[in-house]
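# Summary of the model geometry
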Amino acid sequence: MALSDHLRELRARLLKATVFLLIAFVVGLVVYDPWLLDLILDPYNDAQAALEGQAETKAYIASAGGPLLLQLKLAGVAAIVASSPFWLYQIWAFIVPGLHAHERRWTRVFAAIAGPIFFLGVATGYYVLPKGLEVLIGFTPDGLENLVEFGEYFGFFTRMLLVFGIAFEIPLFVIMLNLAGVVSGKALGRYRPWIIISTFVFAAVATPSTDPFSMLMLALPMLALFVVAEVIARLVDRSRGRGAHSTDQWDDDTTSPL
């Protein structure tokens, strides 16, 4: 295709993605109250119920235009998430003609796996969010009331879920590096203790809340996925003959027979 044809195709796919986003945005405005609002507020309400008698807390919206901006923001984020399979497909369909046959095959495999893993991470983050809020709000001293501005809470909510979703994708990238020949299964086994320590450190730093429950709920599934990634990497190495003939058998300072 000529460059002008590529640009026309890109414009057409961008228009399709934009139209679908606008439709999803309108749907988000329709279901904003009560379905979408309850979905965002439920973790806070659960934490508030668990703190009954321990700390006083109340959610509020700042400024007169706050409710409208909140509705637009929630509908926009919901539209991006809900329509992600469609606009991601448009991106993939624009790129795939330039890939080789084996590259297309692996792209389909990873696209089919990455999406469910990301949503599994988001669901895990949504599950542990009430516990994290309970711990954070629980630091409120006696005699004081904790006022939670909804805009800040929504930012905290989004960061928490994104951290869990992206973190669950890291072992998948390890498998991609193995398929590219960058990381071997043997190397993953050799550095397993450091991977475990690094995972717990990452979980402690990445989770917006400070409670150990949220850290464990992020670190333990990541470690399980790392184990699966190591097993797959070893199987790939064996199928490609990287076992005894791999360059991993020599130290960095040792000259090979070659």
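For the structure itself, consult the block above.
An account of the accompanying structure is given in this report.

It is worth spelling out helix H3 (residues 66–82) at this point. The terminal C-alpha atoms of H3, which comprises 17 residues, lie 24 Å apart, in line with the 24 Å expected from a rise of 1.5 Å per residue. Every buried residue of H3 is accounted for by Gly66, Leu70, Leu74, Ala75 and Ala79. The secondary structure elements touched by the buried residues of H3 are helix H1 (3–30), helix H2 (32–50) and helix H6 (150–167).

The geometry of H2 relative to H3 is characterised by a closest axis approach of 11 Å and an angle of 75 degrees between their N-to-C directions. In terms of orientation, H2 lies roughly perpendicular with respect to H3. The residues of H3 that touch H2, namely those facing Tyr32, Leu36, Leu37 and Ile40, are Pro67, Leu70, Gln71, Leu74, Ala75 and Ala78. Along the lines of polarity and charge, the residues of the contact of H2 with H3 split into 9 nonpolar, 1 polar and no charged.

To continue, consider the packing of aromatic side chains. Counted according to the given criterion, the structure contains 7 aromatic pairs. Ring centres of Phe20 and Phe86 lie 4.3 Å apart, and the angle between their planes is 15 degrees; on these two criteria the pair is classed as stacked. Separated by 66 residues along the polypeptide, Phe20 in helix H1 and Phe86 in helix H4 (residues 84–95) bring together distant segments of the chain. Since its relative accessible area comes to 35%, Phe20 is described here as partly exposed. By relative accessible area, which is 26% here, Phe86 ends up partly exposed. Look at Phe118 and Phe119: their rings are 5.9 Å apart centre to centre, the planes differ by 75 degrees, and that puts the pair in the edge-to-face class. Look at Phe118 and you get partly exposed, because its relative accessible area is 26%. Site record: aromatic cluster; members linked through ring pairs are Tyr44, Tyr126, Phe150, Tyr153, Phe154 and Phe157.

Procedures and definitions
- Residues numbered from 1 in each chain as written.
- Predicted model: local features only at pLDDT ≥ 70, side-chain atom pairs only at ≥ 80, totals over all residues.
- Heavy atoms only, no water.
- Helix = DSSP H or I, 4+ residues; strand = E, 2+ residues; numbered from the N terminus.
- Expected span 1.5 Å × (residues − 1).
- Buried < 20%, exposed > 50% of the residue type's maximum accessible area, 1.4 Å probe, protein only.
- Contact = heavy atoms within 4.5 Å.
- Axes fitted to C-alpha atoms, helices over the stretch in contact; angles between N-to-C directions.
- Parallel < 35°, antiparallel > 145°, perpendicular 65-115°, else oblique.
- Nonpolar A, V, L, I, M, F, W, Y, C, P; charged D, E, K, R; others polar.
- Phe/Tyr/Trp six-rings, centres within 6.5 Å; stacked < 30°, edge-to-face > 60°.

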